[in-house]
Protein chains: 4
Amino acid sequence: MRVFGRRGYRAASMEEIAELAGVSKPLVYLYLHSKEDLFTACLRREAAALMAAVRAGAGGPGKGGVPVDEGLWAALMAFFTHTTGNPDGWALLHRQARTHGEPFAAEAATLRTELTDHVTSLITRASTGPLTPREATALSHALVGAAESLADWANSTPAATPEEAARTLLHLTRPALSSPRTRRR
Amino acid sequence: MRVFGRRGYRAASMEEIAELAGVSKPLVYLYLHSKEDLFTACLRREAAALMAAVRAGAGGPGKGGVPVDEGLWAALMAFFTHTTGNPDGWALLHRQARTHGEPFAAEAATLRTELTDHVTSLITRASTGPLTPREATALSHALVGAAESLADWANSTPAATPEEAARTLLHLTRPALSSPRTRRR
Amino acid sequence: MRVFGRRGYRAASMEEIAELAGVSKPLVYLYLHSKEDLFTACLRREAAALMAAVRAGAGGPGKGGVPVDEGLWAALMAFFTHTTGNPDGWALLHRQARTHGEPFAAEAATLRTELTDHVTSLITRASTGPLTPREATALSHALVGAAESLADWANSTPAATPEEAARTLLHLTRPALSSPRTRRR
Amino acid sequence: MRVFGRRGYRAASMEEIAELAGVSKPLVYLYLHSKEDLFTACLRREAAALMAAVRAGAGGPGKGGVPVDEGLWAALMAFFTHTTGNPDGWALLHRQARTHGEPFAAEAATLRTELTDHVTSLITRASTGPLTPREATALSHALVGAAESLADWANSTPAATPEEAARTLLHLTRPALSSPRTRRR
DNA sequence: TATGAATGAGAGTTCATTCAT
DNA sequence: GATGAATGAACTCTCATTCAT
């Protein structure tokens, strides 16, 4: 994952991967079959970890009773905490997966759909006005993009914390999506 | 640019590039020296074109007196119009450049800094409350990320228009950024 | 033997051989030392089995008094019966052994010499005219080649029997080899 | 062709082939695309050369007026002359092609079918008695096998000439197929 | 100005073979 | 007596790059 995240799929060599893992190339092939399989395995593991973190932080949609804002805040904190603590994995998901064609792009698209769906549901509940499904989807993409960009920013800015990233995003969006005073639940 | 944008830096072959250009490989080397130089040249040209489009749309620094919203709207329209009309170039800048390490990442970072600086100045003028420089920078990253994500969304969604992308982004941000009295429509 | 006969020496993998044998690879090495040794062992076993079958069929050197034609017929029947009943072994001896260079070619040559010597003695006794040793040897090679080819033909032709192969070969050769007075049936 | 004929398909390395040809490996790939293509090309060239030699020697089936025996003799001379003068090509066709599975076996089978068909037509005309098609086919296989074996014998026996091989084969078969005195045409 | 022809270097992958247990 | 786990070496194939013309 580290080698893929830093060098990219094509530029990463199985040699270097094996070396970093402290094993021989044939062993890597014994367990992971091919470069493609290996990359896919990395992708899936990172995607699952990220989604798990976000869901755990945000509470599933069924977890009622939590104020919307608190849910959003927790989801964002979980997201940024995870990406900040795992920059190589984040690079893998956000950059490498989407850049190297099929079948990886499909894998990345799956994750992104999960993320935007998650966000769409939060948005729909939080919006101050009515939203068509298409508007909600577009807004989700904008929000997820902003979060992704802030994750990169946090990873490359000294002393940037997950809190700061989450606060920034809320600062940007809260007025549009909800006002703490007027909307609860 | 087309080949790089579609295949990625590593997967693009000089063979295919020369063929698409209708010349021989040695000619490509004669004028552009190496794959790396060629990619860098593509990057720079695309970055310059995008920045020029955005600046022209938003009004240069000298173009004072334009209402903030109109400036933002025009900048967004210029951005989305450019990315929508030039998807390969956009893929080059947004994905390939940042994915394949140095020296390309530096090139991409330069463009991004120009963009966020530009946006920072707009934000600072538009904000409803006082912002520290760091807050402004972080917000810019969030905004630019949202715009990038919407550009991808527009490029992959049928019937999505630059207007729709720009409207979405304004919908998300205007309350936070513009003063109540400038809100219209 | 099965794996070697079907895949060829190079394409056969020790993995597959061990698997088919129902043991682990190290065990194969424990008993048979190397791929080369293993192949040689297969070769020798098959060669011995074929020669034994032919000798038993033809009557050993001690079994005098048998009419020449009967001896030839029995030898051919034994040969075709063995190759037809053991196609993998036959492929091993006839094709693989001679195709993969030293030291296997030598092993195959040994078998072939035994066969042609055997045939030479039969021919010498059966010839209608006087033969120099060299003529006899050349004739043996021709005969053995015809038999080998018919063995392949029988193995790849539906409903072909050892009898049919033997009959074909006798049809071709009897006039040249047997004396008019011994012709029967 | 030389490397394939001596080492076998699998054991031949593109490295060695290129070296023997006095060029670099990539050049071989530039012109011949893959090991499989290269081998197939060798096969086809050798097969075509052999068939051309035999047909030229024997005269096509339409070339009437030539005594059958003379046609047979010429065909055999052409065959043995070709195989004797081109032992690597002969090894390629007779051994390697048939030993290394598809798609090469099919190529070899094509050649063999051409040869046996050719021989079948000669046999049918030359036979002293009536033959069913199946008998003729089986006899062809026997004859071709004998010829193949004699070709190997001639290639590995000092001072063996094409004449000697052809004479041997005729000696073996003439009585069964035709008597010079009783059959002409 | 332009290119046909050629290659050095390195990629992913496989496999006979061997420890440590 | 038997094997799970591991690897050195070699293979086919690709590609950025450069002469000679």
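Everything in this summary refers to the structure shown in the same document. In this text the structure is predicted, and so the values were computed from the model without any measurement.

1. Focus on the protein's contact with DNA strand E
Argument step 1. In the vicinity of DNA strand E, 27 residues are found, and the nearest of them are Tyr 29 and Lys 35 of chain A, Tyr 29 of chain C together with Ser 24 and Pro 26 of chain D.
Argument step 2. Among atoms of DNA strand E positioned within 4 Å of the protein, sugar and phosphate together represent 56%.
Argument step 3. A distance of 2.9 Å separates a base oxygen of DNA strand E from a polar side-chain atom of Lys 25 of chain C.
Argument step 4. In this structure, a phosphate oxygen belonging to DNA strand E sits 2.8 Å away from a main-chain N or O atom of Lys 35 of chain C.
Argument step 5. Residue assignment for the surface near DNA strand E shows that the elements contributing at least two residues are α3 (25-32) of chain A, α3 (25-32) of chain B, α3 (25-32) of chain C together with α3 (25-32) of chain D.
Argument step 6. Its residues placed into classes, the surface near DNA strand E shows 15 nonpolar, six polar and six charged.

2. Some details on the relation of the copies chain C and chain D
Argument step 1. Structural alignment of chain C on chain D gives an RMSD of 0.3 Å, achieved by rotating through 178 degrees and translating 0.0 Å along the axis. Viewed as a symmetry operation, the transformation between the two copies matches a two-fold axis. Measuring from the rotation axis to each C-alpha of chain C, the shortest distance belongs to Ala 146 of chain C, at 2.1 Å.
Argument step 2. Take the interface residues of chain C: 100% of them recur as interface residues in chain D, which is what a same-surface contact looks like.

3. What to know about the interface of chain A and chain B
For an interface, size is often stated in terms of accessible area lost upon the parts coming together.
Argument step 1. Taken together, the 34 residues of chain A in the interface contact 33 residues of chain B.
Argument step 2. With both chains or domains summed, chain A and chain B bury close to 3,000 Å², and 62% of this area falls on carbon and sulfur atoms.
Argument step 3. The three residues of chain A that bury the most area against chain B are Thr 99, Arg 134 and Leu 172 of chain A, which together make up 21% of that side's buried surface.
Argument step 4. There are two salt bridges connecting chain A and chain B.
Argument step 5. Arg 134 of chain B is the salt-bridge partner of Glu 164 of chain A, the closest N and O atoms lying 2.7 Å from each other.

4. What to know about the environment of Val 54 of chain C
Residues and elements named next belong to chain C.
Argument step 1. Following the sequence through the fold, Val 54 ends up in helix α4 (residues 35-58).
Argument step 2. We classify Val 54 as buried; its relative accessible area is 4%.
Argument step 3. Sequence-wise, Val 54 and Met 77 are 23 residues apart; in three dimensions their C-alpha atoms are separated by 8.3 Å.
Argument step 4. Once residues within four sequence positions are removed from consideration, Val 54 is found in contact with Ala 78, Phe 79 and His 118.

5. Here we look at the interface of chain C and chain D
Argument step 1. Contacts between the two partners involve 33 residues from chain C, matched on the other side by 34 residues from chain D.
Argument step 2. Both sides together, the interface formed by chain C and chain D hides about 2,900 Å², and carbon and sulfur atoms give 62% of it.
Argument step 3. Broken down residue by residue, the surface that chain C buries against chain D is led by Thr 99, Arg 134 and Leu 172 of chain C, which jointly contribute 22%.
Argument step 4. Our count for the contact surface shared by chain C and chain D stands at two salt bridges.
Argument step 5. Counting across the interface, chain C meets chain D through 12 residue pairs in polar contact (both at pLDDT 80 or more).
Argument step 6. Considering every element that reaches the side of chain C that touches chain D, the biggest residue donor is helix α8 (residues 133-156) of chain C, with 13 residues.
Argument step 7. By residue class, the composition of the side of chain C that touches chain D is 15 nonpolar, 11 polar and seven charged.

6. Quick word on the packing of aromatic side chains
Argument step 1. Counted according to the given criterion, the structure contains 28 aromatic pairs over all chains.
Argument step 2. With a centroid separation of 4.7 Å and 70 degrees between ring planes, the pair formed by Phe 4 of chain B and Phe 39 of chain B is classed as edge-to-face. Here Phe 39 of chain B lies in helix α4 (residues 35-58) and Phe 4 of chain B lies in helix α1 (residues 2-7), a separation of 35 residues in the sequence. Across the pair, Phe 39 of chain B and Phe 4 of chain B agree in class, each one buried.
Argument step 3. Taken together, the ring pairs in this structure connect Phe 4, Tyr 9, Phe 39 and Phe 104 of chain A into an aromatic cluster.
Argument step 4. Directly above the aromatic system of Tyr 9 of chain A lies the positively charged group of Lys 35 of chain A, at a separation of 5.0 Å from the ring centroid.

Criteria and thresholds
Residues numbered from 1 in each chain as written. Chains lettered and ligands numbered in written order. Predicted model: local features only at pLDDT ≥ 70, side-chain atom pairs only at ≥ 80, totals over all residues. Heavy atoms only, no water. Near = heavy atom within 4 Å. Polar contact = N/O pair within 3.5 Å; in protein donor to acceptor, adjacent residues only side chain to side chain. Helix = DSSP H or I, 4+ residues; strand = E, 2+ residues; numbered from the N terminus. Nonpolar A, V, L, I, M, F, W, Y, C, P; charged D, E, K, R; others polar. Least-squares fit on C-alpha atoms with pLDDT ≥ 70 in both. Contact = heavy atoms within 4.5 Å. Buried area = accessible area lost by both parts, 1.4 Å probe. Salt bridge = Lys/Arg side-chain N within 4 Å of Asp/Glu carboxyl O. Buried < 20%, exposed > 50% of the residue type's maximum accessible area, 1.4 Å probe, protein only. Phe/Tyr/Trp six-rings, centres within 6.5 Å; stacked < 30°, edge-to-face > 60°. Lys NZ or Arg CZ within 6 Å of the ring centre and 35° of its normal.

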